[in-house]
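Chains, contacts and geometry: an overview
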Amino acid sequence: MQQQPAVDYSRKWYVMAAVAMGIFLATIDGSIVNVALPTLVREFNTEFPVVQWVVLGYLLTVTTLMLSVGRLGDMIGKKRPYAAGFVIFTLGSVLCGLAPSVYWLIAFRVLQGIGSAMMMALGMAIVTEAFPPSQRGKALGFLGTMVSVGIVLGPVLGGLIIGSLSWRWIFFVNLPIGIVGTWMVIRFVPTLRPAGGQRFDLLGAAALFFGLGSLLLALTLGQGRGFTDPVVLALFAASLVFLVLFITIERRIKDPMIDLGLFQNRLFNINLITGFCIFVSMAGTIILMPFYLENVLGYDPRSVGFLLAIVPITLGISAPLSGALSDRVGTRPITVAGLFIILVGFLALSTLSADTTALGFVLRFLPIGIGIGIFQSPNNSAVMGSVPRSRLGIASGLLSVTRTLGQSTGIAVLGAIWASRVLARAGQDLAGGATAADASAQVAGLNDTFAVTVVLISFALLLAIWGLLQERRAQRLAEQAPPA
């Protein structure tokens, strides 16, 4: 068997800086255009369902490619694909800023998504290899915080850039960071050659790609066509067929993309599901807030950016504290507390009105930022701690897919719910879609949408409480068992 070269742990923080830069860029670009969507509707003279694909095209590409890229990195090494991802992402950013039409912008966002998938799939694995085992939890927790901050900080920076320059600069600003990040990867990330003899699961990768792609297309097209449309139903059916085929292939192949044995751990599944619920709720909320703040309350993009800053600020404060506290009392009590605070925040958001003040908006949004910060880091630690060390790369890949799939689903489903409820409240079909409705209809539709998120977070909270009780029960049985 080929022997792995010794890793120089003295460079671990340089590796962390390079990887964190790439993951932060890839994550933030998944959400930075959210605040620009109203501007893009006006600039390109189009409608909300078309402009939504500027976000969805990126997230769909990332979600469908990430596990395949992660598996490829395990086979040929992670440094070269990660560096190539940085280059592709940076090139795509420049092309997005130069896009002459909304359809070209969507195409260049797909190119960005390819580069993003290469970075996000391999980043946690590179850091895992660069840090000694005694510090891996701390390192992966830091990356998890960077991901969460990137997701919620995107709209804030987007609002500031659009208010000061133009929407094109939300892409141009990636150029200097991309150049520096690529150099850091080439300079500091070690080249580790994995053992040979592994085969890429091409059939499994294809089945997963078409399964996830069909699912996300069905969710997205269902907004305009309706979820009973024959094309949408056919896409749902195709998604089910391909995902069942993927599971069948993974059970029979020698070198599967995903070790299905991981899902026999119920607590591992609980953490993935609750994380998915949080990203569905948060992504749908972030994409709708700019329309509420601009169209209903009348704020300019710069003010919108400042108002949405409450989430990254509170998240940045609470995340390190929750991580330290979870080391003392365990991860699951902290994740339950975080979910409860998030639930309080969404209950508060369901009371937004056309007369809500800036202070009222901040106070309603405050618990969500605090709750996500408390929940996210311990939840990531629980996922990584639920698998053997030899499966850390797979677990980190599943975490990334859960996150991006949650974002894509949240944008598609909650966006569809909001648009349908706004039109229902308006009592008529509007030529410009839901964004052309009057303020009262938009607010009523928003409140209906938040009622759905309250149900979703309540489900996640009950699931987490059940997981906590199961863990406590297992601990009591272990204590009562006679010594070997």
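Scroll up a little and you will see the structure.
So, here is what we can say about the structure in this document.

**Focus on the environment of Ser408**
Tracing the chain through its elements places Ser408 in helix α16 (residues 392-426). Considering only alpha carbons, one finds Ser408 and Val280, 128 residues apart in sequence, at a separation of 7.6 Å. The residues contacting Ser408, other than those within four sequence positions of it, are Leu56, Leu59, Leu60, Thr63 and Leu216.

**Quick look at the nonpolar core**
Formed by 133 residues in total, the largest nonpolar core has its most connected members in Leu40, Tyr82, Leu105, Met289, Tyr292 and Phe361. If you tally residues by element for this core, the top one is helix α11 (residues 266-296), at 14 residues. Those residues in contact with Tyr292 that lie beyond four places of it in its chain are Leu297, Leu352, Ser353, Thr356, Phe361, Val443 and Leu446.

**Points about a positive patch on the surface**
Residues Arg266, Arg472, Arg473 and Arg476 make up a contiguous surface patch of positive charge. Counting residues per element, the positive patch draws most heavily on helix α17 (residues 439-480), at 3 residues. Tracing the sequence through the fold places Arg266 in helix α11. Overall, the relative accessible area of 52% leaves Arg266 in the exposed class.

**Here's the deal with the environment of Ile170**
Here Ile170 shows up in helix α7 (residues 169-172). The class of Ile170 is buried, set by a relative accessible area of 1%. Each C-alpha atom, one on Ile170 and one on Leu160, is 9.5 Å from the other, the two residues being 10 residues apart in sequence. Setting aside residues no more than four positions away along its own chain, Ile170 makes contact with Asp29, Ile32, Val33, Ala36, Gly158, Ile161 and Ile162.

**Re the packing of aromatic side chains**
Enumeration over the complete set of coordinates arrives at 13 aromatic pairs. Here the aromatic residues Tyr14, Trp183 and Phe188 are joined through ring pairs into a cluster of three or more. Geometry around Tyr58 places Arg109 over its ring, the cationic atom sitting 4.3 Å from the centre.

**Some remarks on helix α10 (residues 230-252)**
With 23 residues, α10 should cover 33 Å at 1.5 Å per step; its first-to-last C-alpha distance of 33 Å lies within 8% of that length. Those residues of α10 lying buried are Val232, Leu235, Ser239, Phe246, Ile249 and Glu250.

**Describing the packing of α11 against helix α12 (residues 301-308)**
α12 packs onto α11 with a crossing angle of 125 degrees between their chain directions and a minimal axis gap of 10 Å. If you check the angle between α11 and α12, you find them oblique. Between α11 and α12 lies a crossing whose hand is right-handed. Here Met289, Pro290, Leu293 and Glu294 of α11 lie close against α12, whose contacting residues are Pro301, Val304, Leu307 and Leu308. Partitioned by chemical class, the residues of the contact of α11 with α12 number 7 nonpolar, no polar and 1 charged.

Calculation rules
Residues numbered from 1 in each chain as written. Predicted model: local features only at pLDDT ≥ 70, side-chain atom pairs only at ≥ 80, totals over all residues. Heavy atoms only, no water. Helix = DSSP H or I, 4+ residues; strand = E, 2+ residues; numbered from the N terminus. Contact = heavy atoms within 4.5 Å. Core = buried A, V, L, I, M, F, W, Y, C linked by side-chain atoms within 4.5 Å. Buried < 20%, exposed > 50% of the residue type's maximum accessible area, 1.4 Å probe, protein only. Patch = residues over 30% accessible without salt bridge, like charges linked within 9 Å, V, L, I, M, F, W, Y side chains within 5 Å. Areas by Shrake-Rupley, 256 points an atom, 1.4 Å probe, with all protein chains shown as cover. Salt bridge = Lys/Arg side-chain N within 4 Å of Asp/Glu carboxyl O. Lys, Arg positive; Asp, Glu negative; His and termini not counted. Charge placed at Lys NZ, Arg CZ, Asp CG, Glu CD. Phe/Tyr/Trp six-rings, centres within 6.5 Å; stacked < 30°, edge-to-face > 60°. Lys NZ or Arg CZ within 6 Å of the ring centre and 35° of its normal. Expected span 1.5 Å × (residues − 1). Axes fitted to C-alpha atoms, helices over the stretch in contact; angles between N-to-C directions. Parallel < 35°, antiparallel > 145°, perpendicular 65-115°, else oblique. Left-handed = near helix turned anticlockwise from the far one by under 90°. Nonpolar A, V, L, I, M, F, W, Y, C, P; charged D, E, K, R; others polar.

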